[in-house]
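# Structural characterization, general
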Amino acid sequence: MHHLLETQQFDRDLLRSVFDLATKLENQRNDSLHGKILASLFYEPSTRTRFSFESAMMRLGGQVITAENANEVSSSVKGETLEDTIRVMNHYADAIVIRHPETGAAERAAAVSDVPVINAGDGAGQHPTQALLDLYTIERELGRLDDIHVVIVGDMRYYRAARSLSYLLGKFNNVTITGVTAPELRISDELREYLTEKNITYHETDVLPEAMKNADVIYQTRIQKERLSPEAYQRTKGQYVIDRSLADSMKDGGIIIHPLPRVGEITPEVDDSPHAVYFKQVGYGLTVRMALLSMLLGGKSVV
Ligand code: CP
């Protein structure tokens, strides 16, 4: 793996290597990436992805250069192409983590980059590192990745992390995915075909309470104002809210995860439910990103 662009790049062996390294790196700080520089180039807002990559880099002894509003402060404002920006950043950084509103932007960046490019979210395309940390969270909390029922709530069509996670779940055995979404936010034909090819059972329903009771994992998503027309946003937001009584209806050991940010789709009284894992998930994300940086930048042997 040179660039990290989409979750289809991963097989089970590679996932095992990432997750084992992430577990070893828990609560660790070392100098394995001393002298290395990560550039974070974010053309869309972020709290978790940018800060966790930067924190991960620093915990491994590396350094960070950052454009947190690249759409406003980089020379893209003057009309510089993404390709030229990446060619230039190659002189300054040993790896580039990029978030961009256009699907395919990370792939375009990788096409002209000698240093590793990490996709931190490209429009409604993919968010592979989020999906890796989601999968790691599931494994850590359930103790398995085969024989699971994952219910994805809200948006299967434009929510890039849910799309990336679905591609990863296709690597495992006896997995059922249920999508609980409005009709206009249903799974794409391409992803549906992939799941069929991988023998993943895929159901659709609009009844959340029934799906909650049968789930090992509830994967709640935000309805994204930034990807929908104002009319579609108004039609679909607030349709599937997890409150405490729904959380309490889950079976023992079932978990609720969410990439965050949330904007009302999980009410605050769920936070201290034994099923709520979404803040713990953030911590798992830090170590997964440490593992990925370590593997991409060559610090693996230090652990
Ligand atoms: N989950 C996620 O991508 O969060 P941010 O948008 O805050 O990075």
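Everything numeric here is computed off the predicted structure, so don't read it as measured data. The residue numbering used here restarts from 1 in each chain and proceeds along that chain's sequence as written. For this predicted model, a pLDDT threshold of at least 70 governs which residues receive local features, and a threshold of 80 or more governs which side-chain atom pairs are given and counted, while totals over whole chains, interfaces and linings are taken from all residues. Side-chain figures throughout are based on the complete set of non-hydrogen atoms in the structure, without hydrogens or water.

This brings us to the site of the ligand. The local shell around the ligand consists of Ser 46, Thr 47, Arg 48, Thr 49, Arg 99, His 127, Gln 130, Pro 259 and Leu 260. Contact distances for the ligand include 2.6 Å between an oxygen atom and a side-chain N or O atom of Ser 46. Separating an oxygen atom of the ligand from a side-chain N or O atom of Arg 99 is a distance of 2.9 Å. Domain delimitation in this document rests on an assignment produced automatically or drawn from a domain database. Both domain 1 (7-127 + 283-297) and domain 2 (128-281) contribute no fewer than three residues apiece to the shell around the ligand. Throughout, the term near means that a residue has one or more heavy atoms lying within 4 Å of the molecule or strand in question. Polar contact is the term for a pair of N or O atoms within 3.5 Å; when the atoms are in protein, one must be able to donate a hydrogen and the other to accept it, and sequence-neighboring residues count only if both atoms are side-chain atoms.

It is worth spelling out the sheet that holds strand 6 (residues 175-181) at this point. On the basis of which strands lie adjacent, the open sheet formed by 5 strands has the order 7-6-5-8-9 and parallel pairing. If you trace the sheet from one side to the other, it starts and ends with strand 7 (201-205) and strand 9 (255-257), each paired once. For this sheet, the mean inter-axis angle between neighbouring strands, taken without regard to orientation, is 20°. The pairing of strand 5 (residues 148-154) with strand 6 spans 7 bridges and is classified as parallel. Bridging across to strand 6, Gly 154 finds its partner in Thr 181. Contacts are residue-level and defined by heavy atoms, with any inter-residue pair within 4.5 Å sufficient. Axis angles are defined between N-to-C directions and span 0 to 180 degrees, where every axis is a line fitted to C-alpha atoms and, for a helix, only to the segment in contact. Only DSSP runs of H or I reaching four residues or more are called helices, and only runs of E reaching two or more are called strands; each is numbered from the N terminus. Strand contacts of helix 6 (residues 128-142): strand 5, strand 8 (217-220) and strand 9, with the helix running at about 160° to strand 9, the strand carrying the most contacts. Across the sheet, helix 7 (residues 160-169) is in contact with strand 5, strand 6 and strand 8; its angle to strand 5 comes to roughly 165°. Here, strands pair whenever DSSP counts at least two bridges between them.

With that out of the way, let us pick up a nonpolar patch on the surface. Each patch groups residues whose relative accessible area exceeds 30% and which form no salt bridge, using 9 Å between like charges and 5 Å between nonpolar side chains of Val, Leu, Ile, Met, Phe, Trp and Tyr. Only the protein chains shown count as cover for residues, and all accessible areas are computed by the Shrake-Rupley method using a 1.4 Å probe. A pairing counts as a salt bridge when a side-chain nitrogen of Lys or Arg comes within 4 Å of a carboxyl oxygen of Asp or Glu. A cluster of nonpolar side chains, Ile 65, Val 88 and Tyr 92, forms an exposed patch at the surface whose accessible area comes to about 250 Å². Judged by its relative accessible area of 32%, Ile 65 falls in the partly exposed class. Buried, partly exposed and exposed residues are distinguished by accessible area as a fraction of the type maximum, computed with a 1.4 Å probe on protein chains only: under 20%, between the cut-offs, and over 50%, respectively.

The pairing test for Phe, Tyr and Trp rings, Trp by its six-membered ring, is centres within 6.5 Å, and the orientation test on the planes gives stacked under 30 degrees, edge-to-face over 60, and tilted for anything in between. What the rule picks out here adds up to 4 aromatic pairs. An aromatic cluster is built from Phe 19, Tyr 136 and Tyr 284, whose rings are joined through pairwise contacts. For a Lys NZ or an Arg CZ to count as sitting over a ring, it must be within 6 Å of the ring centre and within 35 degrees of the ring normal. Over the aromatic face of Phe 51 sits the side chain of Arg 50, whose NZ or CZ is 4.6 Å from the ring centroid.

In this fold, Thr 236 is placed in helix 10 (residues 230-236). Here Thr 236 falls in the buried class, since its relative accessible area comes to 3%. Here the side chain of Thr 236 touches Ala 232 through a polar contact of 2.7 Å, landing on its backbone oxygen. With near-sequence residues (within four places) excluded, Thr 236 lies in contact with Ala 182, Glu 184, Leu 185, Ile 223 and Leu 228.

Right, let's talk about the pairing of strand 3 (residues 95-100) for a bit. Looking down a regular strand, the side chains alternate between one sheet face and the other. With 6 of 6 residues buried, strand 3 is to be regarded as a mostly interior element. What you see with strand 3 is no split at all: Ala 95, Val 97 and Arg 99 on one side and Ile 96, Ile 98 and His 100 on the other are buried throughout. Strand direction decides the pairing type here: strand 1 (residues 37-42) and strand 3, joined by 5 bridges, are parallel. Opposite Ala 39, over in strand 3, you have Ile 96 as the bridge partner. Summarising the sheet, strand 3 and strand 4 (residues 117-122) pair through 4 bridges and their orientation is parallel. The partner of Ile 96 across the bridge, within strand 4, is Val 117.

An order of 2-1-3-4 is seen for the 4 strands of this open sheet, with the pairing classed as parallel. Every other strand in the sheet has two partners, leaving strand 2 (63-67) and strand 4 as the edge strands with one partner each. Taken over all neighbouring pairs, the strand axes of this sheet differ in orientation by 15° on average, direction set aside. Relative to strand 1, helix 2 (residues 48-59) is tilted by about 175°, and along the sheet it contacts strand 1, strand 2, strand 3 and strand 4.

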